Every structure is written in structure tokens, then in C-alpha cells.
Amino acid sequence: SQKIEQNSEALNIQEGKTATLTCNYTNYSPAYLQWYRQDPGRGPVFLLLIRENEKEKRKERLKVTFDTTLKQSLFHITASQPADSATYLCALGGGYNKLIFGAGTRLAVHP
Amino acid sequence: EAGVVQSPRYKIIEKKQPVAFWCNPISGHNTLYWYRQNLGQGPELLIRYENEEAVDDSQLPKDRFSAERLKGVDSTLKIQPAELGDSAVYLCASTTGRAKEETQYFGPGTRLLVL
């Protein structure tokens, strides 16, 4: 069965640094991958989508890469701010709008 | 524009009792999803609707869970009887259903605690 691994431990970084979150997967060949942000007590909110034929996508301070050979996606937040503190979920996409979510990585940005 | 609306936000019940969750998707969104999110885990799909039709309910525990989406708009997810292991957040999401790779818009979820 498909398996998605995200950093199980919280990632703690200082404000202004770059946060890098990892999403590894096995037994699956997603057509695309999405990243979502989830704050406590709220539903996930979409951030970025990257397709299997794309290597990198950027949106403001966010960057995502997708390596289908390594079966890995990296999510970067540059110039991080305390307001970036949240849980970040990666989701593998296949079929028609079917997503399989990872467990998420909790990011804490300290002033 | 209003987002996905869910109610109630919180529910505490005793085991073996029934419980129901309600979801109103974004206006015009034909596809509706129900997910369950256990503590420290990502959302897991329970059922997906295309208009009134349940097109993917393979992960729905049908012995105790049921869902309906009458008229292809609002949806209700029911558990009867609830078990201790059903304690989780139940999320509803919607998309237009008109394209692949769509962003899913999530509601705030219903946090269920079964005692």
C-alpha cells in the first residue's frame, strides 16, 4: 500500500531562516503533489501544487520541488516568520482529484 | 464568498450513541469529500460525492457509518453506534469537480469525542 513519510518530529527554526520540510513516498506514482497548511482547530488550506513533469514551483516565499526518481518532495519557506508556524501536510494526487495525505510536519518559527 | 460550513464544531457523546455531522460546501461545488483526521495524522478519505452520487466509499466503515447528499448540495455523515475509536476530527471538503488536480477547500471540521 502507499506510504507517505513526513518529518514526524517538530521542526524548530529561528525567524529569518529557511525552513525545509520533506515528504517521501513509496509504492505510488502520483501525477501531482499538493502542499497544505493546517493551523490548530482549522481545516487544511492549499498552498502549492506541483505536477510530475515539473521540477520546481515557487510562490512568494514558498518553493516546492518534486523528484519522481527519489520519490521525494521538498517544501521550503524562505525568510521564515513566527506566523509561518503551523502543520504542513503533503498530499499525493492521482486519479481524479483523489488525494492521499501525509501525517504532516509541525513547524515552529521562533522570534 | 462563504467557505465550507460544518456543524457542530464540537460533539461529546457516550459510546454506543448515534451522532451526525453536517456539511454545506462552497456554492457551485459539485464534489464533496468527508475525511477523518486522527490526532497527529493527516486526513483520510471516508467518502467522495459527485453531485448526489457516492463515487468512492471504499474507506467508509459501512457497518456503522452512513452518509447522504440529497439534492447534491448539503451532506450528512452519521455514525451509529459510535465507538471509542471514532474520536477524531471529521473534515468536509469540496471542489468544483470540473477539472483534475483541483484545490480542495476544507471546512473547520467537527471534533468528536466519544466517552
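Above: the structure in question.
Right, let's walk through the structure included here. (Residues numbered from 1 in each chain as written. Chains lettered and ligands numbered in written order. Predicted model: local features only at pLDDT ≥ 70, side-chain atom pairs only at ≥ 80, totals over all residues. Heavy atoms only, no water.)

**What to know about unusual backbone geometry**
Here B:Ser7 and B:Pro8 are connected by a cis peptide whose omega angle stands at -10°. Its location among the elements puts B:Pro8 in the loop between strand S1 (5–7) and strand S2 (10–13). Here the bond from B:Gln80 into B:Pro81 is cis, since omega is -5°, no more than 30 degrees from zero. The phi angle at A:Asn27 is positive, at roughly 55°, despite the residue not being glycine. With respect to the element layout, A:Asn27 can be found in the loop between strand S3 (19–26) and strand S4 (32–38). With relative accessibility at 57%, the residue A:Asn27 sits in the exposed group. For B:Lys16, which is not glycine, the phi torsion reads 80° and is therefore positive. The topology assignment puts B:Lys16 in the loop between S2 and strand S3 (19–24). The exposure class assigned to B:Lys16 is exposed, which follows from its relative accessible area of 65%. (Helix = DSSP H or I, 4+ residues; strand = E, 2+ residues; numbered from the N terminus. Buried < 20%, exposed > 50% of the residue type's maximum accessible area, 1.4 Å probe, protein only.)

**As for the side chain of B:Ser75**
Residues and elements named next belong to chain B. Locating Ser75 in the fold gives a position in strand S8 (residues 75–79). Within the structure, the side chain of Ser75 is placed 2.9 Å from the backbone oxygen of Glu68, a separation counted as a polar contact. Contact partners of Ser75, with chain neighbours within four places excluded, come to Phe21, Trp22, Cys23, Leu32, Trp34, Tyr49, Glu68 and Arg69. (Polar contact = N/O pair within 3.5 Å; in protein donor to acceptor, adjacent residues only side chain to side chain. Contact = heavy atoms within 4.5 Å.)

**Some remarks on the sheet that holds strand S6 (residues 56–59) of chain A**
Residues and elements named next belong to chain A. Strand order in this open sheet of 5 strands is S1-S3-S8-S7-S6, and the pairing throughout is antiparallel. A strand with exactly one partner marks an edge of an open sheet, and here the two such strands are strand S1 (3–6) and S6. Averaged over all pairs of adjacent strands, the angle between their axes in this sheet comes to 15°, without regard to strand direction. Bridge analysis of S1 against S3 gives 4 bridges, and the strand direction is antiparallel. What sits directly across from Lys3, in S3, is Thr26. (Pairing = 2+ DSSP bridges. Axes fitted to C-alpha atoms, helices over the stretch in contact; angles between N-to-C directions.)

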